[in-house]
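Here is what each chain is made of, one letter per residue.
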Amino acid sequence: MSESSLENLYHEGRAFPPPDAFAAQANVSDDGVYEQAAKDPEAWWAQQAEHLRWTTPWEQVLEWNPPHAKWFVGGQLNIADNCLDRHLEAGRGDRVAYYWEGEPADERRTITYAELHEEVCRFANVLKARGVGKGDRVAIYLPMIPELPVAMLACARIGAIHSVVFAGFSSQALADRIDDADARLVITADGANRRGNTIGLKEAVDAGIERAESDRVSTVIVVNRTGTDVDMVDGRDVWWHDVMDGASADCPAEPMDAEDVLYILYTSGTTGKPKGIVHTTGGYLTQTTATHRLTFDLKPETDVYWCAADIGWVTGHSYIVYAPLANGATSVMYEGTPDFPDKDRFWDIVDRYDVSILYTAPTAIRAFMKWGTEYPERHDLTSLRVLGTVGEPINPEAWMWYHRHIGGESAPIVDTWWQTETGGHMITPLPGITHARPGSAMTAFPGIDARVVDIEGKEVGNGEGGYLVIAKPWPSMLRTIWGDDQRYRDTYWSRFGPDTYFAGDGAKLDEDGNIWLLGRVDDVMNISGHRLSTTEVESALVDHPSVAEAAVVGRADDLTGQAISAFVTLRGTHEPSEDLEAELKAHVAEVIGKIARPAEIYFTPDLPKTRSGKIMRRLLKQISEGSDLGDATTLANPDIVNALQQAARGR
Ligand code: ATP
Ligand code: MG
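Residues numbered from 1 in each chain as written. Chains lettered and ligands numbered in written order. Predicted model: local features only at pLDDT ≥ 70, side-chain atom pairs only at ≥ 80, totals over all residues. Heavy atoms only, no water.

Novice: What am I meant to see in the site of ligand 1 here?
Specialist: In the region of ligand 1, 21 residues are neighbours, and Thr267, Thr270, Thr271, Asp415 and Thr420 sit closest. Within the side chain of threonine 267, a nitrogen or oxygen atom sits 2.6 Å from an oxygen atom of ligand 1. Contact with the protein chains covers 94% of the free accessible surface of ligand 1, which is 640 Å². (Near = heavy atom within 4 Å. Polar contact = N/O pair within 3.5 Å; in protein donor to acceptor, adjacent residues only side chain to side chain. Areas by Shrake-Rupley, 256 points an atom, 1.4 Å probe, with all protein chains shown as cover.)

The following block contains the structure:
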């Protein structure tokens, strides 16, 4: 095995074809779609773009000046018009856009497309009255309440650029993002609900504006969500309900160029300082709607679709707001956490709304595994027909748990690999075709050219691992990093040349050429000259019946170069012990080989994660080596880091 690639240790023989009845009704049931799209990707994407309403047709599908792409050149459309007006005109105004469910269980709202349209138009007029126009940046710092999609769509309607900042971030993180995007207006709420408590948001905004270097924020619009006492700054702060009162519901949608900027969104910061990812209009909506329709087999007339992410992340932008609305879907939107008031909240929601498509993250699935099957068993989940995951590799055993206990062993699972940068799904099963392997994202979406290459950029063979790259531009790709095109070039388009996108993730091809994501290239471990991925060792740990979640890192070791430190969270009633530590080490050695045997295992009730729920291995490595922690501003649970630091010092 050469230094330039990655070892392939984990073998998964199980495969799950779609049930015949599912395949028979699927939006895509013929795998000729892959060949058709590969033959002429531009024609394929143009065909997908025809699903949208363009006010001016495009002249050219793609203009590619590596590493800068323009899609649907010369075309014009408005995203809010596509998400709202055209449904009303087609007689779908009474269709439910969102079943919104507050964290307090008795707070529910049903919002139709007609109602959403009216709110968006009124709020767009509010923004205009405050001097916001095309190209201006608006920062949005809101919890998961209907005003959040309303604010985003109002920006899209008038051509303002939104920058949504996850409402769990600190005032410093908000200040950094206000400065970076040079936002002039901020939309927030007095507070947010969190497990029965309220968290002050407006006070974080006040502190954020104070900390920001820019003094351009001239307006703060505040939603009254929790009835929390707030200081309203004279001449700057206004209440949402006051400014909406009397605002006209007549606001024509601004025709936007296909390449006009729709939004800026900062990456979740798993690997370092977040990057302001820039997405534009026509290509973005084309790919997000196509993937939403085909990956989830969406039937907008009958499905109830629930993406349980937060709109503060790209998953929520693309698959709670823009794609579902443009596709005329009915969605559930939930404000709170999965364990409030009890650990069955998700299943209560699925049962009550008859959710048919559920999209969540491996981190949530592993939490459900940790809590045990009694919670899903309390509810009728038979309405579910497609399950999705995104955000991290899903360990095969977590996949199996999802399949058995949530999907009733019949709902296809789509493990979707993509990034803030890619805007939409890139590698995913298609539920009516794919014989899914637990733990694999399987196949590039039609029209996407994903490859696994070695350090020289040469494609690896089946059964080998290397670097994941995208070899052709795609419609919903990022266009640049806001204010830093050089960082855009350096980060994504320099490692393998200016026309190959480097994703930063490791991957392997199995014997049949299916793609398996192996975690960050930066996290690859080097044990006695063997390059091992974190994902495979973690999946071997999660394969043990006592383990819910695991993270491994390579820490410096005099003898082997690096040694594997493992951090493990146990399922249900299992207790840490020296015997169990020995058993887990032996289990890894047996499942994938002695070389991957952890040198030590730390048992921990939780792992350090970003606020989007991703494991921060970078911090674990620093903990296991006793070195200083780098940028931890996006860390969700600092207490765990302190506890683990103490445990590591005790070793
Ligand atoms: P930063 O780039 O600031 O470090 P981040 O990469 O965590 O943050 P995101 O864009 O939210 O921010 O996450 C994209 C990453 O998530 C991918 O590069 C990949 O590592 C991981 N990922 C997402 N979906 C999957 C999946 N289905 N399987 C494996 N990994 C996934
Ligand atoms: Mg990233």
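Novice: What am I meant to see in the nonpolar core here?
Specialist: Taken as a class, soluble globular proteins show a tendency for nonpolar side chains to be buried jointly. Among the nonpolar cores identified, the biggest contains 141 residues, and Leu116, Phe123, Ile187 and Tyr322 are the most heavily contacted of them. Broken down by element, the residue count for this core peaks at nine residues, all from helix H6 (residues 147-158). Residues within four places of tyrosine 322 in sequence aside, it is in contact with Ile79, Cys83, Met152, Leu153, Ala156, His162, Leu262, Tyr263, Tyr284, Leu285 and His317. Trp347, Met525, Ile527 and Ala566 belong to the second-largest nonpolar core, a separate cluster that totals 52 residues. (Core = buried A, V, L, I, M, F, W, Y, C linked by side-chain atoms within 4.5 Å. Buried < 20%, exposed > 50% of the residue type's maximum accessible area, 1.4 Å probe, protein only. Helix = DSSP H or I, 4+ residues; strand = E, 2+ residues; numbered from the N terminus. Contact = heavy atoms within 4.5 Å.)

Novice: Can you walk me through the UniProt feature "domain: AMP-dependent synthetase/ligase" (unreviewed entry) in the protein in this structure?
Specialist: In the numbering adopted here, UniProt assigns the feature "domain: AMP-dependent synthetase/ligase" (unreviewed entry) to residues 90-474. Taken end to end, residues 90-474 comprises 30% helix and 22% strand; its first and last C-alpha atoms sit 30 Å apart. (UniProt positions renumbered as here; feature names shortened; annotations may be inferred.)

Novice: Sorry if this is basic, but what is going on with helix H17 (residues 534-542) here?
Specialist: Residue pairs three or four apart in sequence face the same way in an α-helix, which turns once every 3.6 residues. Among the nine residues of H17, nine are classified as buried, and the element is accordingly described as predominantly covered. The complete set of buried residues in H17 reads Thr534, Thr535, Glu536, Val537, Glu538, Ser539, Ala540, Leu541 and Val542.

Novice: Honestly, the UniProt feature "modified residue: N6-acetyllysine" (unreviewed entry) in the protein in this entry has me stumped. Any pointers?
Specialist: Those places that UniProt annotates as "modified residue: N6-acetyllysine" (unreviewed entry) correspond, in this numbering, to Lys614. Tracing the chain through its elements places lysine 614 in the loop between strand S30 (600-603) and helix H19 (617-625). We classify lysine 614 as buried; its relative accessible area is 18%. Filtering out sequence-adjacent residues up to four positions away, lysine 614 remains in contact with Ser268, Thr270, Gly391, Glu392, Arg520, Pro608 and Lys609. In terms of polar contacts, lysine 614 uses its side chain to reach the backbone carbonyl oxygen of glycine 391, at 2.8 Å.

Novice: What exactly am I supposed to notice about the domain arrangement of the protein here?
Specialist: Interface size, as often reported, equals the accessible area lost upon joining of the parts. Along its sequence, the protein is organised into domain 1 (20-506) and domain 2 (524-650). Centre-to-centre separation of domain 1 and domain 2, based on C-alpha positions: 31 Å. Counting residues at the interface gives 24 residues for domain 1, matched by 26 residues for domain 2. In total, about 2100 Å² of surface goes out of reach between domain 1 and domain 2, with carbon and sulfur atoms giving 52% of it. For the pair domain 1 and domain 2, the interface holds one salt bridge. Among the salt bridges present, the one from arginine 366 reaches glutamate 549, with a minimum N-O distance of 2.6 Å. Our count for the domain 1 to domain 2 interface comes out at nine residue pairs in polar contact (both at pLDDT 80 or more). When residues in the side of domain 1 that touches domain 2 are grouped by element, the largest group, four residues, is from helix H13 (residues 362-371). (Domains from an automatic or database assignment. Buried area = accessible area lost by both parts, 1.4 Å probe. Salt bridge = Lys/Arg side-chain N within 4 Å of Asp/Glu carboxyl O.)

Novice: Which parts of the structure should I look at to understand the environment of proline 274?
Specialist: Position of proline 274 relative to the elements: it lies in the loop between strand S14 (261-266) and strand S15 (276-280). The class of proline 274 is buried, set by a relative accessible area of 12%. Residues proline 274 and aspartate 631 lie 357 residues apart in sequence; the distance between their C-alpha atoms is 9.9 Å. If near-sequence neighbours (up to four positions away) are discounted, proline 274 is found in contact with Arg177, Tyr266, Thr267, Gly269, Arg487, Asp631 and Thr634.

Novice: Help me out: how do you make sense of the side chain of lysine 299 in this one?
Specialist: Topologically, lysine 299 is positioned in the loop between helix H10 (282-295) and strand S16 (304-307). Ignoring anything within four residues of it in the chain, the contact list for lysine 299 reads Gln25, Ala26, Asn27 and Arg385.

Novice: How should I be thinking about the sheet that holds strand S19 (residues 386-389) in this particular structure?
Specialist: Picture the strands of a sheet paired through backbone hydrogen bonds; they go either parallel or antiparallel. Read from one edge of the open sheet, seven strands run S5-S4-S17-S16-S18-S19-S20, paired in mixed fashion. At either margin of the open sheet sits one strand with a lone partner, and together these are strand S5 (108-112) and strand S20 (413-415). Sheet twist, expressed as the average angle between the axes of neighbouring strands with direction ignored, equals 15°. Bridging between S19 and S20 involves three bridges; their strand directions are parallel. Within S20, the residue paired with leucine 387 across the bridge is isoleucine 413. (Pairing = 2+ DSSP bridges. Axes fitted to C-alpha atoms, helices over the stretch in contact; angles between N-to-C directions.)

Novice: Any chance you could explain the packing of H17 against helix H18 (residues 578-592) here in plain terms?
Specialist: Each pair of packed helices gets described by two things: the angle between the helix axes and the distance between those axes. Two elements in contact, H17 and H18, have axes whose closest approach is 9 Å; the angle formed by their N-to-C orientations is 120°. Accordingly, the angle class assigned to the pair H17 and H18 is oblique. Note on packing geometry: the crossing formed by H17 with H18 is right-handed. Across the interface between the two elements, Glu536, Val537, Ala540 and Leu541 from H17 touch Leu584, His587, Val588, Val591 and Ile592 from H18. For the contact of H17 with H18, the class distribution of residues is seven nonpolar, one polar and one charged. (Parallel < 35°, antiparallel > 145°, perpendicular 65-115°, else oblique. Left-handed = near helix turned anticlockwise from the far one by under 90°. Nonpolar A, V, L, I, M, F, W, Y, C, P; charged D, E, K, R; others polar.)

Novice: Honestly, helix H20 (residues 638-650) in this entry has me stumped. Any pointers?
Specialist: Counted at 1.5 Å a residue, the expected span for H20 with its 13 residues is 18 Å, and the 19 Å between its end C-alpha atoms agrees. Within the sequence span of H20, burial applies to Ile640, Val641, Leu644, Gln645 and Ala648. Looking straight down H20, one finds its buried side chains confined to an arc of 140°; they lie on one side. Turned more than 90 degrees away from the buried face of H20, the exposed residues are Asp639, Gln646, Arg649 and Gly650. The inward-facing, buried residues of H20 contact strand S29 (561-570), S30 and H19. (Expected span 1.5 Å × (residues − 1). Arc of directions from axis to C-beta.)

Novice: Whenever I open this one, the packing of helix H4 (residues 79-89) against helix H5 (residues 113-129) confuses me. Can you help?
Specialist: Contact geometry of H4 with H5 gives a least axis separation of 9 Å together with a crossing angle of 130°. If you check the angle between H4 and H5, you find them oblique. As H4 runs across H5, the sense of the crossing is left-handed. Every residue of H5 that contacts H4 at Cys83, Leu84, Asp85, His87 and Leu88 is listed here: Tyr113, Ala114, Leu116, His117 and Val120. For the contact of H4 with H5, the per-class residue count stands at seven nonpolar, two polar and one charged.

Novice: How do you make sense of the pattern of salt bridges when you look at a structure like this?
Specialist: Side chains that differ in sign of charge can pair as their charged atoms come close. This model, assessed by the stated rule, comprises 42 salt bridges. The salt bridge involving aspartate 297 is made with lysine 299; its shortest N-O contact spans 2.9 Å. There is no split in this pair, since aspartate 297 and lysine 299 are both buried. Taking the shortest distance from any N to any O, the salt bridge between glutamate 536 and lysine 508 comes out at 2.6 Å. Here glutamate 536 is found in helix H17, whereas its partner lysine 508 is found in strand S24 (residues 501-509), with 28 residues between them in sequence. Taken individually, glutamate 536 and lysine 508 each receive the classification buried, so the pair is uniform in this respect. Each of Glu101, Arg108, Arg345, Asp348 and Arg352 takes part in a single network of salt bridges with overlapping partners.

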